[in-house]
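Next come the chains, spelled out residue by residue.
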Amino acid sequence: MSPPLIAVPLRADKIGISKPFLSVEGRQKLALIASLSHYDAGDILFHEGDRATSILNIVSGVGKSYSFLPDGREVIQAFLFPNDLIGPLDGDYFVNTVKAITPLVAYTLPLTALVQLLQSDPNLQWQFLTKACHELRLAQQHAIALSQNSAKQRLLMLLNLLRLHNEPRGANASQIHLPMSRADIADYTGLAVETVSRGLHQLQREGIIRLINQQCIEIIDQKVFTAALVSEA
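Thresholds applied
Per chain, the residues get numbers from 1 upward, laid out in the order the sequence is written. Only residues with pLDDT of at least 70 get local features here, since the model is predicted, and only at 80 or more are side-chain atom pairs given and counted; chain-wide, interface and lining totals rely on the full set of residues. Note: side-chain values were computed over all heavy atoms of the structure, leaving out hydrogens and water. We call a residue buried when its accessible area falls under 20% of the maximum for its residue type, exposed when it is over 50%, and partly exposed in between, using a 1.4 Å probe and counting protein chains only. Strands are runs of DSSP state E lasting at least two residues, helices are runs of H or I lasting at least four, and both sets are numbered from the N terminus onward. Taking the helix axis as origin, the arc is that swept by the directions to the C-beta atoms. A pair of strands is treated as paired once DSSP finds two or more bridges between them. Axis angles are defined between N-to-C directions and span 0 to 180 degrees, where every axis is a line fitted to C-alpha atoms and, for a helix, only to the segment in contact. A contact between two residues is defined here by any heavy atoms of the two lying within 4.5 Å. Roughly parallel refers to an angle under 35 degrees, roughly antiparallel to one over 145, roughly perpendicular to one between 65 and 115, and oblique to any angle outside these ranges. Gly counts as polar in this scheme, as do all residues outside two lists: the nonpolar Ala, Val, Leu, Ile, Met, Phe, Trp, Tyr, Cys and Pro, and the charged Asp, Glu, Lys and Arg. The pairing test for Phe, Tyr and Trp rings, Trp by its six-membered ring, is centres within 6.5 Å, and the orientation test on the planes gives stacked under 30 degrees, edge-to-face over 60, and tilted for anything in between. The rule is short: NZ of Lys or CZ of Arg within 6 Å of the ring centre and within 35 degrees of the ring normal puts a charge over the ring. The crossing is said to be left-handed when, going from far helix to near helix, the turn is anticlockwise and less than a right angle, and right-handed when the turn is clockwise.

Under the annotation held in an unreviewed UniProt entry, the protein carries the name Crp/Fnr family transcriptional regulator and is attributed to Acidocella aquatica.

A. Spotlight on helix α2 (residues 111-120). Within the sequence span of α2, burial applies to Leu-111, Leu-114, Leu-117 and Leu-118. For α2, the angular spread of the buried residues around the axis is 125°, confining them to a single face. In α2, the exposed residues that point more than 90 degrees away from the buried face are Thr-112, Gln-116, Gln-119 and Ser-120.

B. Looking closely at the sheet that holds strand β5 (residues 74-80). A sheet is described by the order of its strands in space; here 4 strands give the open sequence β2-β9-β4-β5, paired in antiparallel fashion. Both edges of this open sheet fall to β2 (44-46) and β5, since each of them pairs with a single strand only. Shown here is a sheet whose adjacent strand axes are inclined to one another by a mean of 30°, direction ignored. Relative to strand β9 (residues 97-100), strand β4 (residues 63-68) runs antiparallel, the two sharing 4 bridges. Paired with Lys-64 across the strands is Lys-99, a residue of β9. Each of β4 and β5 is contacted by helix α5 (residues 182-189), which is oriented at about 100° to β5, the strand it contacts most.

C. Molecular detail of the packing of helix α4 (residues 151-166) against helix α6 (residues 193-205). Their axes nearest at 10 Å, the elements α4 and α6 cross at an angle of 80°. Considered as vectors, α4 and α6 are oriented roughly perpendicular to each other. Only Thr-195, Val-196, Gly-199, Leu-200, Gln-202 and Leu-203 of α6 make contact with α4, whose side of the interface consists of Ala-151, Lys-152, Leu-155, Leu-156 and Leu-159. Counted by class, the contact of α4 with α6 contains 7 nonpolar, 3 polar and 1 charged residues.

D. Representation of the packing of aromatic side chains. Taken as a whole and judged by the stated rule, the model has 3 aromatic pairs. Seen in terms of ring centroids, Phe-79 and Tyr-188 are 4.8 Å apart; in terms of plane orientation they differ by 40°. Their pairing is tilted. In this pair, Phe-79 is assigned in strand β5 and Tyr-188 in helix α5, connecting sequence segments 109 residues apart. The class for Tyr-188 is buried, based on a relative accessible area of 12%. Of note, Lys-64 hangs over the ring of Tyr-66, and the distance from its end group to the ring centre comes to 5.2 Å.

E. How the structure looks around the pairing of strand β3 (residues 54-60). Taking burial as the measure, the 7 residues of β3 include 6 buried ones, the bulk of the element. The pairing of β3 with strand β10 (residues 104-110) spans 6 bridges and is antiparallel. Along β10, the bridge assignment pairs Ile-55 with Leu-109. Pairing of β3 with strand β6 (residues 85-86) involves 2 bridges; the strand directions are antiparallel. When the bridges of β6 are listed, Leu-56 appears paired with Ile-86.

F. Inspection of the environment of Gly-199 at higher detail. Residue position: Gly-199 is located in helix α6. On the basis of relative accessible area, Gly-199 is assigned to the buried category, the value being 11%. Note: C-alpha distance between Gly-199 and Ala-151 (48 residues apart in sequence) is 7.1 Å.

G. Molecular detail of the sheet that holds β6. Ordered by their spatial adjacency, 4 strands build an open sheet running β1-β10-β3-β6, and the pairing between neighbours is antiparallel. One side of each edge strand has no neighbouring strand; the edge strands of this open sheet are β1 (35-39) and β6. Strands in contact with α2 are β3 and β10; relative to β10, the strand with the most contacts, it is inclined by about 65°.

H. The arrangement of the packing of α4 against helix α7 (residues 222-231) in detail. Between α4 and α7, the shortest axis-to-axis distance is 10 Å and the interhelical angle comes to 130°. The angle between α4 and α7 falls in the class oblique. Here α4 runs over α7; the crossing is left-handed. Where α4 approaches α7, its residues Gln-153, Leu-156, Met-157, Leu-159, Asn-160 and Arg-163 are matched on the opposing element by Gln-222, Phe-225, Ala-228 and Leu-229. Its residues assigned to classes, the contact of α4 with α7 shows 6 nonpolar, 3 polar and 1 charged.

Quick look at the structure:
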């Protein structure tokens, strides 16, 4: 059975805002032009430089958005979660490559139909812009974290991001699921893989987290975790 059409929510619940970015009416209008797409882990949703004919809104699963340096190295710009809008454009082309880390389901919104819909509905256009601005703020926060924060702070910020995305799915609030590899974490945080491993073990020695396995971390005490996040900022 397909997810309900209002799974095109573009919601803000995961960041502590109870009001959706889009109204119920707005979500219903988007749903009318959307189609459901399924991807396996490792599938490319689109490549950097591909001509853009649509944007995507994730229903379930996790992806990553990345680009390449001139020497061929991969640089992860963002991890993508349910309700995220994906498809940053430079004119008519995608600026990043997006790959599914886990099996992923997304609504495809054709750009031509989307533009026509937004032009005919100023209120929906404003709501959509609000969501886009939120995505830009997240990108800015990531850039600041890479330029100013210690390795410990970068790992804590990533764990907090993953924690916020765990909660809307009804997961145990004290456990953080890591769907990405250590190499992806290193790339996203601008650290070496060895530094990521040492940093996680340091957080465990300090009694902030417990490493359950490669894909699961437990926050031992939420207050201690929050205090460490703030003190390292």
